[in-house]
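What follows is each chain in one-letter form.
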Amino acid sequence: MAKHPVPKKKTSKARRDQRRAHDALSAPTLVECATCKAVKPAHVVCPECGSYGGRQVVAEA
């Protein structure tokens, strides 16, 4: 039977919470489409009008 490493001391709540301080999720960054003013993620083709960078790249259906 193989021995595996075991913590020598109990991790305190303060130390545990300090380690997790940077684990929170951030809200996605949304920008306004230059053509139709719809809210969309940055660097993505607009799902409403199909434009990217001020020009039409996807034909509207």
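So, here's what we can say about the structure.

### Focus on the state of the cysteines
Then, in step 1: Tallying each qualifying case throughout the model produces zero disulfides.
Then, in step 2: Here Cys33 stays free of any disulfide, with the sulfur of Cys36 as its closest cysteine sulfur at 3.7 Å.
Then, in step 3: Looking at Cys46, it has no disulfide partner, and the nearest cysteine sulfur is the one in Cys36, 3.7 Å off.

### Considerations on the pattern of salt bridges
Then, in step 1: Here the structure, examined in full by the defined rule, presents one salt bridge.
Then, in step 2: Residue Arg16 is joined to Asp17 by a salt bridge in which the shortest nitrogen-to-oxygen separation is 3.1 Å.

### Description of a nonpolar patch on the surface
Then, in step 1: On the surface, Val45, Tyr52, Val57 and Val58 cluster together into a nonpolar patch covering about 290 Å² of accessible area.
Then, in step 2: Mapped onto the elements of the fold, Val45 is located in the loop between β2 (39–41) and β3 (51–52).

### Quick word on the side chain of Lys40
Then, in step 1: Turning to its location among the elements, Lys40 is positioned in strand β2.
Then, in step 2: Comment: no salt bridge for buried Lys40; closest opposite-charge side chain is Glu32, at 11 Å.
Then, in step 3: A polar contact of 3.0 Å, which involves the side chain of Lys40, links it to the backbone oxygen of Val44.
Then, in step 4: Once residues lying within four places of it in the same chain are set aside, the contact partners of Lys40 are Thr29, Leu30, Val31, Cys33, Cys46 and Pro47.

### A few points about unusual backbone geometry
Then, in step 1: Here Lys37, not a glycine, exhibits a phi torsion of approximately 65°, which is positive.
Then, in step 2: Relative to the assigned elements, Lys37 resides in the loop between β1 (30–32) and β2.

The rules behind each value
- Residues numbered from 1 in each chain as written.
- Predicted model: local features only at pLDDT ≥ 70, side-chain atom pairs only at ≥ 80, totals over all residues.
- Heavy atoms only, no water.
- Disulfide = S-S within 2.5 Å.
- Salt bridge = Lys/Arg side-chain N within 4 Å of Asp/Glu carboxyl O.
- Patch = residues over 30% accessible without salt bridge, like charges linked within 9 Å, V, L, I, M, F, W, Y side chains within 5 Å.
- Areas by Shrake-Rupley, 256 points an atom, 1.4 Å probe, with all protein chains shown as cover.
- Helix = DSSP H or I, 4+ residues; strand = E, 2+ residues; numbered from the N terminus.
- Buried < 20%, exposed > 50% of the residue type's maximum accessible area, 1.4 Å probe, protein only.
- Lys, Arg positive; Asp, Glu negative; His and termini not counted.
- Polar contact = N/O pair within 3.5 Å; in protein donor to acceptor, adjacent residues only side chain to side chain.
- Contact = heavy atoms within 4.5 Å.

In short, geometric facts, not functional conclusions.
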